[in-house]
Amino acid sequence: PGEPNNRGNREDRVHMLEWFGAEMKWNDCPGDWNEGGVGVYKRGGRPLDMLVLSKDPSTVKLVQILAAQFPELIVAASIVTMSTPKTSKAALELLEQHPKTNLDDDALVEPLIAKGADKLRKLAEGGDDDCATLIGALYEKSKAVAAVVAAPEFVIAMLRPKTQATAHLLITKFNLLTASVIEALLALDDKGKAPLERLVADPSCNELVDVLCASDP
């Protein structure tokens, strides 16, 4: 009943529900749905996704107009879609224009935290301040994202050269250098080296190492 309903504004595919047997009813599902079933797929995902990921100036302007006219429908979904290294700056600009945007909806942010937070990890791998700042904003605006980002395994995964901007932010702004993280930093791998040693040996990580030392001398 009530399907299709575009739950969380992210269900961009439709299929026939075989669970009803011969009766068969329509249902919609998100792009990462993997429970089987016959689907009819929209090429490129939601039309909105194609718009917000475009860097064409006229398309960017169109998204801004849509966001201004329909903020509750457009802004939150656009920010989640734009949480990529290439579009992180645009996502931050949209957040700045709509600071009261509500992202505290588990279904809305599910694409960011699904599959071991793969999308968040890829965002961090963008390596620049925009990517790190966007992760910080998502952390502050979504309890579901905060729970994933604050987990020791996520923080530990950020403690490497490619993601050090995010690691720096998580430690200095959100105080996420916990005992578990420190223990993992000092643990020896199968080659007899600790992750901290690898950071110290990499000159590009000097600032991060300084922060680690200052946080836990």
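It should be noted that the structure appears before, not after, this text.
This one's a predicted model, so the numbers in the text were calculated from it and none came from an experiment.

Student: What's the story with the overall build of the protein chain in this structure? I'm lost.
Tutor: Scanning the protein chain from N- to C-terminus turns up 12 helices and 3 strands. Considering the protein chain as a whole, with its 217 residues, one finds that 41% of them fall into the buried category. Excluding contacts between residues fewer than 6 apart, the proportion of contacts in the protein chain whose partners are at least 24 apart in sequence is 58%. Total accessible area on the protein chain stands at roughly 12,200 Å², and carbon and sulfur atoms take up 55% of it.

Student: I would appreciate a short explanation of helix 12 (residues 206-215) in the present structure.
Tutor: Residue pairs spaced three or four apart in an α-helix point in one direction, given the helix's 3.6 residues per turn. Where helix 12 is concerned, the buried positions are Leu-208, Val-209, Val-211 and Leu-212. One side of helix 12 holds all its buried residues, which, seen down the axis, span an arc of 160°. Seen from the open side of helix 12, the exposed residues pointing more than 90 degrees away from its buried face are Glu-207, Asp-210 and Ala-214. Those residues of helix 12 hidden inside the fold are in contact with helix 9 (164-172), helix 10 (179-186) and helix 11 (195-201).

Student: Sorry if this is basic, but what is going on with the packing of aromatic side chains here?
Tutor: Between two aromatic rings, the relevant description is the distance of the centres plus the angle of the planes. Using the criterion set out here, one finds 1 aromatic pair in the structure. Measuring from centroid to centroid gives 4.3 Å for Tyr-139 and Phe-174, while their planes differ by 40°, and the two rings are tilted. Taken together, the residues Tyr-139 in helix 6 (residues 129-141) and Phe-174 in the loop between helix 9 and helix 10 connect sequence positions 35 residues apart. Since its relative accessible area comes to 18%, Tyr-139 is described here as buried.

Student: Whenever I open this one, the nonpolar core confuses me. Can you help?
Tutor: General note: in soluble globular proteins, nonpolar side chains tend to be found buried as a group. Judged by nonpolar contacts, the single largest core of 55 residues is most densely connected at Leu-120, Leu-138, Val-149 and Leu-159. Counting residues per element, this core draws most heavily on helix 5 (residues 106-124), at 8 residues.

Student: Hey, could you run me through the environment of Pro-152 in this one?
Tutor: If you trace the backbone, Pro-152 turns up in helix 8 (residues 152-158). Looking at Pro-152, the relative accessible area reads 29%, which means it is partly exposed.

Student: Looking at this structure, I do not really get helix 9. What am I missing?
Tutor: For helix 9, a buried count of 7 out of 9 residues is recorded, marking the element as mostly surrounded by other parts of the structure. Regarding helix 9, the residues found buried are Gln-164, Ala-165, Thr-166, Ala-167, Leu-169, Leu-170 and Ile-171. Residues of helix 9 that are buried make contact with helix 5, helix 6, helix 7 (143-149), helix 8 and helix 12.

About the thresholds
Residues numbered from 1 in each chain as written. Predicted model: local features only at pLDDT ≥ 70, side-chain atom pairs only at ≥ 80, totals over all residues. Heavy atoms only, no water. Helix = DSSP H or I, 4+ residues; strand = E, 2+ residues; numbered from the N terminus. Buried < 20%, exposed > 50% of the residue type's maximum accessible area, 1.4 Å probe, protein only. Contact = heavy atoms within 4.5 Å. Areas by Shrake-Rupley, 256 points an atom, 1.4 Å probe, with all protein chains shown as cover. Arc of directions from axis to C-beta. Phe/Tyr/Trp six-rings, centres within 6.5 Å; stacked < 30°, edge-to-face > 60°. Core = buried A, V, L, I, M, F, W, Y, C linked by side-chain atoms within 4.5 Å.

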